[in-house]
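In case you want the letters, here they are:
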Amino acid sequence: MREAPLREALVTGGAEGIGLAIAERLAAQGCRVTIADLDGDKARARAAGLGPDHRGIGCDITDEAQVQALVRTAPFDILVNNAGIGDSHLPTLEQDLAAFRQVLEVHLAGTFLMTREVARGMIARGRGAVVNLSSIAGLTGLPKRNAYGAAKAGIVAMTRAMACEWAGQGVRVNAVAPAFVETALVRKLADAGRIDLPTIARRTPLGRLIAAEEVAQAVGFLASDAASGITGIVLPVDGGWTAFGDFGDASG
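What counts and what doesn't
Residues numbered from 1 in each chain as written. Predicted model: local features only at pLDDT ≥ 70, side-chain atom pairs only at ≥ 80, totals over all residues. Heavy atoms only, no water. Helix = DSSP H or I, 4+ residues; strand = E, 2+ residues; numbered from the N terminus. Buried < 20%, exposed > 50% of the residue type's maximum accessible area, 1.4 Å probe, protein only. Polar contact = N/O pair within 3.5 Å; in protein donor to acceptor, adjacent residues only side chain to side chain. Contact = heavy atoms within 4.5 Å. Salt bridge = Lys/Arg side-chain N within 4 Å of Asp/Glu carboxyl O. Core = buried A, V, L, I, M, F, W, Y, C linked by side-chain atoms within 4.5 Å. Axes fitted to C-alpha atoms, helices over the stretch in contact; angles between N-to-C directions. Parallel < 35°, antiparallel > 145°, perpendicular 65-115°, else oblique. Left-handed = near helix turned anticlockwise from the far one by under 90°. Nonpolar A, V, L, I, M, F, W, Y, C, P; charged D, E, K, R; others polar. Phe/Tyr/Trp six-rings, centres within 6.5 Å; stacked < 30°, edge-to-face > 60°. Pairing = 2+ DSSP bridges.

In this fold, Asp-77 is placed in the loop between helix H3 (64–71) and strand S4 (78–81). A relative accessible area of 10% means that Asp-77 is categorised as buried. In terms of polar contacts, Asp-77 uses its side chain to reach the side chain of Arg-127, at 3.4 Å. For Asp-77, the contacting residues outside a window of four places in its chain are Leu-6, Arg-7, Glu-8, Met-122, Arg-125, Arg-127, Gly-128 and Ala-129.

As structure tokens, then:
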């Protein structure tokens, strides 16, 4: 029996948190993973932890030349656009325009640029799967999250547009939309008093934050042949957050 070719997967922002969990999941599914991260040393260390077949590369996803150089290193079958930054969590009237633009640049322009370049090869080969990271912030209204919400909503629209454009060329494009995920960044925000974890847990029907591994499982599914008939969808991984519309707490 002929052995299936090894799939090349690229995960941006893969050195920490959700991105690292996704890299680990894709490696477990038999992919050869490239972790791209602004911190190249950390990306290489994390890739080494996955095994000798994997690699880490430093890359600024908003820099066109760096993105193009990265994409030339392998014929990527899977792209996961995970890289992103947090926003200010400030009231609208106190938000800074430069910071607003930076969030859009990293999340929205970065996702566009990386997808455009990777998709060239996917289309030429007639196959490929892209999974973008949106958020409940892009599906609902989260006060003080204007830039982040706008960027994640833009990713939703871009996911659907690209999915429709490339479906006939063998390239699927989907997104996941996590709620609050239990990562070091979220714990840091909680320690700083900027979010209240018990309140978030009560607002979530499952009664807890989402684990990074749960997001990674959803990404792994959408990137796999098990999802061969799925394109253009946004899959909430939110513990029921976007389904709940009643008053008060969603969980006891």
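Structure shown, so let's carry the discussion forward.
We now examine the pattern of salt bridges. Summed over the entire model, instances satisfying the criterion amount to 12 salt bridges. When the shortest N-O distance is used, the salt bridge between Glu-64 and Arg-116 registers 2.5 Å. One end of the pair, Glu-64, is in helix H3; the other, Arg-116, is in helix H4 (residues 97–125), and 52 residues separate them in sequence. The class for Arg-116 is partly exposed, based on a relative accessible area of 24%. Notably, a salt bridge pairs Asp-249 with Arg-202, separated by 3.3 Å at the nearest N-O pair. Of this pair, Asp-249 sits in the segment after strand S7 (234–237) while Arg-202 sits in helix H7 (residues 197–203), and the two are 47 residues apart along the sequence. For Asp-249, a relative accessible area of 47% translates into the label partly exposed. By relative accessible area, Arg-202 is classed as partly exposed at 34%.

Turning to the nonpolar core, a few remarks are in order. Judged by nonpolar contacts, the single largest core of 41 residues is most densely connected at Ile-22, Leu-26, Val-33, Val-80, Val-176 and Val-215. For this core, the secondary-structure elements that each account for two or more residues are strand S1 (8–12), helix H1 (17–28), strand S2 (32–37), helix H2 (40–50), S4, strand S5 (128–133), helix H6 (184–191) and helix H8 (212–223). Broken down by element, this core gets its largest block of residues, seven residues, from H8. If sequence neighbours within four positions are ignored, Val-215 has contacts with Ile-18, Leu-133, Val-176, Pro-178, Val-181, Ile-210 and Val-237. With 24 residues, the next largest nonpolar core counts Leu-10, Met-114, Ala-163 and Trp-166 among its residues.

Where H1 meets H8, the axes come as close as 8 Å, and the angle between the chain directions of the two elements is 50 degrees. The orientation of H1 relative to H8 falls into the category oblique. Handedness of the H1/H8 crossing: right-handed. Each of Gly-17, Ile-18, Ala-21, Ile-22, Arg-25 and Leu-26 in H1 lies in contact with H8, whose residues at this interface are Ala-212, Glu-213, Val-215, Ala-216, Gln-217, Val-219, Gly-220 and Ala-223. Looking at the contact of H1 with H8 residue by residue, the class counts come to nine nonpolar, three polar and two charged.

To continue, consider the packing of aromatic side chains. Counted according to the given criterion, the structure contains one aromatic pair. With a centroid separation of 5.7 Å and an interplanar angle of 55 degrees, the aromatic rings of Phe-180 and Trp-241 are classed as tilted. One end of the pair, Phe-180, is in the loop between strand S6 (171–178) and H6; the other, Trp-241, is in the segment after S7, with 61 residues separating them in the sequence. Looking at Phe-180, the relative accessible area reads 17%, which means it is buried.

Spatially, the seven strands line up as an open sheet ordered S3-S2-S1-S4-S5-S6-S7, and their pairing is parallel. Because the sheet does not close on itself, it has two edges, and the strands there are strand S3 (55–58) and S7. On average, adjacent strands in this sheet sit at an angle of 20 degrees to one another, irrespective of strand direction. In terms of strand pairing, S1 meets S2 through five bridges, oriented parallel.

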